[in-house]
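Close look at the chain arrangement
Here is how the chains run, residue by residue.
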Amino acid sequence: MLLLFFLNFLYFSHAVFIDKYRDYKDYKYYELTGSREGLENLRKFMLNVDESLIHSESLNKSEIILSPHLVSLFREAVKKENLKVKVLHDDISKIIRLEKGNTRRRIKFSWNSYYDVNDIHQFILNTTKVNPEWTELIVAGQSYEGRKILGLRINTPYENGQRETGKPVFFIESGIHAREWIAPATTTYFINQLLTSRDPDIRRLRDQFDWRIFPTVNPDGYHYSYNVDRYWRKTRSLSSNGCRGADPNRNWDYNWGQHSASSRPCDYQLYAGSKPFSEIETRTLSKYISSIDNLLFYVAFHSYASLLLLPYSDSVEHVDNYDDLVQIGQRSIEYGSRVNGEKYDGPGTAAETLYKASGGSMDWVRYALKTPLVYTYELRGSSFHWPPEKIPEQGDEVVQMMLGLADGAKELGYY
């Protein structure tokens, strides 16, 4: 009996430990500028010290979230590489608390809070019940932990009530990186605007396409980020060495593992998986996308960089309709800037504007399916955060940017 009690105690203690939300108390958030070589040397050095390092990169700067016990070591490395450092947040836990502060006071789904994956799925389900003649549930795959990759199809009928079958398909993928919460939130806002807005331009946007919209294509990772570790990015699959997850935007079968990818399963951010499509999320999602006829647009939402990206992410060589992609993308950026005066950078490839990255969904869709119009939007924010009360601000920008894509593509004769 004593042994049984002890084993039960260990089990429940372990469970409580796992489920406890990581608060990141006193973690520092730094911005670094300097030579690309120096920034890369610093990142590699810190990763060797701590594989769970949280970092983001661009061409001329890096950002790092750092445990307080590593600060002195970090300062020495910064000095050695002759980098400039700026403290963006002295205690990132304060930002996390503000972000989740009103999550328990919600009455119904709205856009002044962030929601867990079950709430997002319930929103999609409720939407189909309210708009049964225009919408239907679609499942584009499943997750390691058994969740559905659940989405919404919006396809408005003709005046005689018959649904049109020949419309070009506009596919939206969101939330592939778990910690980028503003992406699913903005996507659900966009869904709501398509279905409820009385603006004739937004109604026209809705009616022109057969929409397939997925607010969170990494549901396990998002759930873990929401409930346990705010900065979790990957899936939740289990590697043979006991480490969890792979980066689902490095796991697609296009130049897999070549750039901005790790072969180490315990890498907190960039493990590309054991092979292309090793993750059930990417494997099943890719099969669904491949089954779509008349796919014209593929749009992915990420955060944060205020940037519009084009394929291919690991090359400075341009696809055959690159000039068209740029022209349409510029129209999208222009439309979005009218809302709040915030103008995105780009459009351009990630290799030219951020860093080379291989194995992403956008590149695979373009390469494998020859989809004509493929874009990735890096939404606005800071340290993967965006105030929940300001979700509509970005939502309205995204609505206009999608309208800009549609108008730009129509002007060039894509539909």
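This text goes with the structure placed above it.
Below, the structure is looked at part by part. Fair warning: this is a prediction, and the values are worked out from it, not measured in the lab.

A few points about the nonpolar core
Core analysis: the largest hydrophobic core is formed by 77 residues, its most contacted members being Phe190, Trp211, Tyr375, Tyr377 and Met402. Each residue touching methionine 402, except ones within four places of it in the same chain, is listed here: Phe170, Phe190, Leu205, Val299, Phe301 and Tyr377.

Things to note about the state of the cysteines
A complete count under the given rule lists 1 disulfide for this structure. Here cysteine 243 pairs with cysteine 266 through a disulfide, and the sulfurs are 1.8 Å apart. Judged by the sign of its S-S torsion, about 70 degrees, the cystine formed by cysteine 243 and cysteine 266 is right-handed. With cysteine 243 in the loop between helix H8 (219–227) and helix H9 (280–290) and cysteine 266 in the loop between H8 and H9, this pair connects stretches of sequence that are 23 residues apart.

Details of the pairing of strand S5 (residues 135–142)
Each regular strand shows side chains that alternate between the opposite faces of the sheet. Sheet topology places S5 next to strand S6 (residues 148–154); 6 bridges connect them, and they run antiparallel. Bridging from a neighbouring strand, glutamine 142 pairs with lysine 148 of S6. Where S5 folds back on S6, the antiparallel hairpin that results is connected by 5 residues, among which glycine 146 adopts a positive phi of roughly 95 degrees.

Looking at helix H12 (residues 361–369)
All of the buried residues in H12 are Ser361, Met362, Asp363, Trp364, Val365 and Arg366. Turning to H12, the residues buried within the fold contact strand S7 (169–174), H9, strand S9 (295–303), strand S10 (307–310), helix H10 (322–340) and strand S12 (373–379). Count one or two residues on from H12 and you reach lysine 370, which has phi positive near 60 degrees.

Structural notes on unusual backbone geometry
The linkage connecting serine 303 with the following residue, tyrosine 304, adopts the cis geometry, with an omega of 10 degrees. Mapped onto the fold, tyrosine 304 is located in the loop between S9 and S10. Backbone torsion omega between proline 311 and tyrosine 312 reads -5 degrees, so that peptide bond is classified as cis. Along the chain, tyrosine 312 turns up in the loop between S10 and H10. A positive phi angle, close to 65 degrees, is found at asparagine 294, a residue other than glycine. As for its position among the elements, asparagine 294 is in the loop between H9 and S9. You can call asparagine 294 partly exposed: its relative accessible area is 45%.

Some words on the packing of aromatic side chains
Counted under the stated rule, the structure contains 32 aromatic pairs. Ring geometry for phenylalanine 109 versus phenylalanine 123: centroids 4.7 Å apart, planes at 20 degrees, classification stacked. Of the two residues, phenylalanine 109 is situated in the loop between helix H4 (93–100) and helix H5 (117–130) and phenylalanine 123 in helix H5; the sequence distance between them amounts to 14 residues. Look at phenylalanine 123 and you get buried, because its relative accessible area is 9%. Ring geometry for phenylalanine 190 versus tryptophan 211: centroids 5.4 Å apart, planes at 65 degrees, classification edge-to-face. With phenylalanine 190 in helix H6 (residues 182–196) and tryptophan 211 in strand S8 (residues 210–214), this residue pair connects regions lying 21 residues apart in the sequence. Accessibility assignment for this pair places phenylalanine 190 and tryptophan 211 in one class, buried. By the ring-pair criterion, three or more aromatic residues cluster together here, those being Phe170, Phe190, Phe209, Trp211, Phe297 and Tyr415. The residue whose ring lies beneath arginine 179 is phenylalanine 384, and the NZ or CZ to ring-centre distance is 4.1 Å. Looking at arginine 230, its charged tip hangs above the ring of tryptophan 181, at a distance of 3.8 Å from the centre.

A short note on the sheet that holds S7
Either a parallel or an antiparallel arrangement is found when strands of a sheet pair, and the pairing is made through backbone hydrogen bonds. As summarised here, the arrangement of the 8 strands in space is S5-S6-S8-S7-S9-S12-S10-S11, forming an open sheet in which the pairing is mixed. Strands at the two margins of the open sheet, each flanked by one partner only, are S5 and strand S11 (345–349). Direction aside, the axes of adjacent strands within the sheet are offset by 20 degrees on average. In terms of strand pairing, S10 meets S11 through 3 bridges, oriented parallel. Its bridge partner lying in S11, leucine 309 is registered against glycine 348. Lying on the sheet, H6 is in contact with S5, S6, S7, S8, S9 and S12; it crosses S8 at an angle near 150 degrees.

Section: the side chain of arginine 250
Locating arginine 250 in the fold gives a position in the loop between H8 and H9. Overall, the relative accessible area of 4% leaves arginine 250 in the buried class.

So, the sheet that holds strand S4 (residues 84–89)
Strand order in the open sheet made by the 4 strands is S2-S3-S1-S4, with antiparallel pairing throughout. Each edge of the sheet is formed by a strand with only one pairing partner; in this case those strands are strand S2 (54–57) and S4. In this sheet, adjacent strand axes meet at a mean angle of 20 degrees when their direction is disregarded. Looking at chain direction, strand S1 (residues 28–33) and S4 are connected through 5 bridges and run antiparallel.

Reading the values: the criteria
- Residues numbered from 1 in each chain as written.
- Predicted model: local features only at pLDDT ≥ 70, side-chain atom pairs only at ≥ 80, totals over all residues.
- Heavy atoms only, no water.
- Core = buried A, V, L, I, M, F, W, Y, C linked by side-chain atoms within 4.5 Å.
- Buried < 20%, exposed > 50% of the residue type's maximum accessible area, 1.4 Å probe, protein only.
- Contact = heavy atoms within 4.5 Å.
- Disulfide = S-S within 2.5 Å.
- Helix = DSSP H or I, 4+ residues; strand = E, 2+ residues; numbered from the N terminus.
- Pairing = 2+ DSSP bridges.
- Phe/Tyr/Trp six-rings, centres within 6.5 Å; stacked < 30°, edge-to-face > 60°.
- Lys NZ or Arg CZ within 6 Å of the ring centre and 35° of its normal.
- Axes fitted to C-alpha atoms, helices over the stretch in contact; angles between N-to-C directions.

It is worth stressing that arrangement in space is one thing and function is another; only the former is reported here.
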